[in-house]
Amino acid sequence: MAKDAAPWTRTLETQDGPVSVSGRVAPGFEAVADAFCDNFTIRAEAGAAVHAQHRGREVVSLSGGRIASPADAAPRFWSDDTICVIFSATKPATALCMHLLSQRGQVDLDAPVGAIWPAFAAQGKEQITLRMVLDHSAGIPVLSEPLKTDCLCDHAYMAERLAAATPVFAPGRTTAYHPVTGGFVLAEVLRRVDGRSLGRFFAEEIAEPLGLDFWIGLPDALEARVAPIRHFVPQKGGGSTPFGEALRDPGSPQSRFFFNHGDWMAKGVNTRAGRRAEIGAASGVTNARNLAALFEAMRPDGLLGLDAETVASFAQATSATHRDGMLLQPTRFGPGFMLRMDNRGGPGRAPRGDSFLIPPQAFGHVGAGGSFGFRDPVADLSMAYTMTQMGPGFLLNPRGQTLIDAAYRCISAAAPQP
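Bear in mind the structure is a predicted one, so any value in this text is a computation, not a measurement.

Overview of the side chain of T286
Move 1: Structurally, the position occupied by T286 is in strand β8 (residues 284-286).
Move 2: Polar side-chain contacts of T286 include one of 2.8 Å to the backbone oxygen of D213.
Move 3: Discounting residues that sit within four places of it in the chain, T286 has contacts with I83, C84, I86, D213, F214 and L291.

Comments concerning the pattern of salt bridges
Move 1: For the structure shown, the criterion picks out 29 salt bridges.
Move 2: Between R225 and D213 there is a salt bridge, with the nearest N and O atoms lying 2.2 Å from each other. Here R225 is found in the loop between β7 (215-216) and α7 (242-246), whereas its partner D213 is found in the loop between α6 (198-210) and β7, with 12 residues between them in sequence.
Move 3: In this structure R225 comes out as partly exposed when scored by relative accessible area, which is 22%.
Move 4: Looking at D213, the relative accessible area reads 15%, which means it is buried.
Move 5: Through salt bridges with shared partners, one network takes in R104, D194, R196, R200, E204 and E205.

Comments concerning the pairing of strand β13 (residues 381-387)
Regular strands place side chains that alternate from one sheet face to the opposite one.
Move 1: In terms of residue burial, β13 counts as a mostly covered element, since 7 of its 7 residues are buried.
Move 2: Along β13, one buried face is formed by L381, M383, Y385 and M387 and the opposite face, lined by S382, A384 and T386, is buried too.
Move 3: With 7 bridges connecting them, strand β3 (residues 47-54) and β13 associate as antiparallel partners. Paired with A52 across the strands is M383, a residue of β13.
Move 4: Across 5 bridges, the pairing between strand β12 (residues 372-376) and β13 is antiparallel. Across the sheet, residue F374 finds its bridge partner in β13, namely M383.
Move 5: As consecutive antiparallel partners, β12 and β13 are separated by 4 residues, and within that stretch D380 has a phi angle of approximately 55°, a positive value.

Each value, and the rule that gives it
- Residues numbered from 1 in each chain as written.
- Predicted model: local features only at pLDDT ≥ 70, side-chain atom pairs only at ≥ 80, totals over all residues.
- Heavy atoms only, no water.
- Helix = DSSP H or I, 4+ residues; strand = E, 2+ residues; numbered from the N terminus.
- Polar contact = N/O pair within 3.5 Å; in protein donor to acceptor, adjacent residues only side chain to side chain.
- Contact = heavy atoms within 4.5 Å.
- Salt bridge = Lys/Arg side-chain N within 4 Å of Asp/Glu carboxyl O.
- Buried < 20%, exposed > 50% of the residue type's maximum accessible area, 1.4 Å probe, protein only.
- Pairing = 2+ DSSP bridges.

As structure tokens, this is what we get:
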């Protein structure tokens, strides 16, 4: 019989000085703990948490590192209840709100957004459906009109500009990752259908029933528990990428996004106003334990009442391409979820790019800098990783991928041999 997770702790020497990693690890899953510690000693981890549920039981729950804050007279350290912004790993939480509305018959994912939001059905957006918004084929990944500095903290402002926007790509024809715009479209539809804001709906219909410490719009009272984000600083001479080359063209979608989405990413993410903002594609605040618990709840007939057909749809690719219109690399999406993306290159493979190496039957999402959450219904594994030191690339960097790889090695080793 499988044994429960037991207390686990280790002190590590890092570039920031000594740090402690602590939590719980079940026998047979020590390799995940080792990989997590290696992230601190050889991969420049600063502060992070990892959590995994296998076959309904906790097998790994670890956190550690320093909370960086210039205002602190003495260093503060991560604990079990430290939380941080998870960027695009927020998107599945927002998508789940829409799937609940769909199951309740309040929205039709394949009906035009304009049927609910008439002003949106303009400038060539008449045929955009909620499913297109969820799977990044709506064609509105960026806005061309110059936006104000705090645009992402102002839902009404963003909704007005999206209603007036002209698609960058033909709706339904091109997969082009929507970094932030899709979250505002979904939030406005939810507001018009239900009357509540996205953050309130998520709190009352999902987080509170599940007992989750997960917020889209962080309450003021929880600010003291937040670990601020450390932005990634690219190394000189790191080599050019297709995305980097596209940034040089002021008219490209990449340049329009990078230089025209306000200052939330650069500055606002570490402010009270920035964490209070309900940005459905980016501003979720939680930790690995609660992000994994959200995915663990994505079971048929669980506490959320999801039916089997809805859950099965999460892992079905409805939008995929060899060259994403925004990320300029191969991508695959279900309705609100990232699916397996193996972009390691090599013979017979797509051109080299960032990857998200989860099994074909799994569904999840990464966040800027390397956080992730996913569920594998076949292995019955729900897993998440959250951190503050952002890493390179759009998808997973080695810190997150080594944790996933270690978890599957542990599961494989524990499986009965034929």
